[in-house]
Amino acid sequence: MSAAPPASTRARGRASEDLAASFLEARGLVICGRNITLAHAELDLVGRIVGHDGAPDTVVFVEIRSRKDDRAGDPAETVDRSKQRRVVRAATAWLLREELWERVAVRFDVLTILFGDDKAPEITWIPGAFEVDG
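Attention here is on the structure that accompanies the text. (Residues numbered from 1 in each chain as written. Predicted model: local features only at pLDDT ≥ 70, side-chain atom pairs only at ≥ 80, totals over all residues. Heavy atoms only, no water.)

**Here's the deal with the sheet that holds strand β3 (residues 58–67)**
- Strand order across the open sheet formed by 5 strands is β1-β2-β3-β4-β5, with mixed pairing between neighbours. Bordering the open sheet on either side are β1 (30–38) and β5 (122–130), each of which pairs with just one other strand. Taken over all neighbouring pairs, the strand axes of this sheet differ in orientation by 30° on average, direction set aside.
- Sheet topology places β3 next to strand β4 (residues 105–114); 10 bridges connect them, and they run parallel. Of the residues in β4, the one forming a bridge with Val60 is Arg107. (Pairing = 2+ DSSP bridges. Helix = DSSP H or I, 4+ residues; strand = E, 2+ residues; numbered from the N terminus. Axes fitted to C-alpha atoms, helices over the stretch in contact; angles between N-to-C directions.)

And the structure:
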């Protein structure tokens, strides 16, 4: 499947989120929310993995990054410490709001998408891309 990159940054963002949600759902993640703004930060996707054999559920906060191509580097490189702190702050607010604080395992993933003019989008999923520091 060939797909040209969406024309605008906003359109690419929407297309990236749709593509990421479909990709992750196909791999067992239940999407609980998209584009959630809390604590002056945004969560791109929130998903859940159901725990088995007594293990707690895992809530997965997914930061999505996309680019038209990789000439400027890997999109994952843009998830720096500052961005990680903002995601953690919003995730903490979400967990508290949903009354899940200390009741679920938590993971922070990054999913990148490279759109190409003459090829299908290239998706890279990095489970556990970063940890909460301090």
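Structure's up, so let's keep going.
**Regarding the nonpolar core**
- Ranked by internal contacts, the top residues of the largest apolar core, which has 20 residues, are Leu43, Val59, Phe61 and Trp94.
- Of all the secondary-structure elements, those providing two or more residues to this core are β1, β2 (41–49), β3, α2 (81–97) and β4.
- Per-element accounting of this core gives the leading share, 6 residues, to α2.
- Setting aside residues up to four positions removed in sequence, Phe61 forms contacts with Leu43, Leu45, Val46, Ala91, Trp94, Leu95, Val106, Arg107, Phe108 and Asp109.
- Formed by 12 residues, the second largest nonpolar core is a distinct cluster that contains Ala20, Phe23, Leu24 and Leu45. (Core = buried A, V, L, I, M, F, W, Y, C linked by side-chain atoms within 4.5 Å. Buried < 20%, exposed > 50% of the residue type's maximum accessible area, 1.4 Å probe, protein only. Contact = heavy atoms within 4.5 Å.)

**A word on the packing of aromatic side chains**
- Following the criterion strictly, the structure yields 4 aromatic pairs and no others.
- An angle of 90° between the planes, with centres 6.2 Å apart, marks the rings of Phe23 and Trp125 as edge-to-face. Remark: Trp125 occurs in strand β5 and Phe23 occurs in helix α1 (residues 9–25); sequence separation between them is 102 residues.
- On the accessibility criterion, Phe23 (15% relative accessible area) is buried.
- A ring pair is formed by Phe61 and Trp94, whose centres lie 5.7 Å apart and whose planes are at 85°; its orientation type is edge-to-face. (Phe/Tyr/Trp six-rings, centres within 6.5 Å; stacked < 30°, edge-to-face > 60°.)

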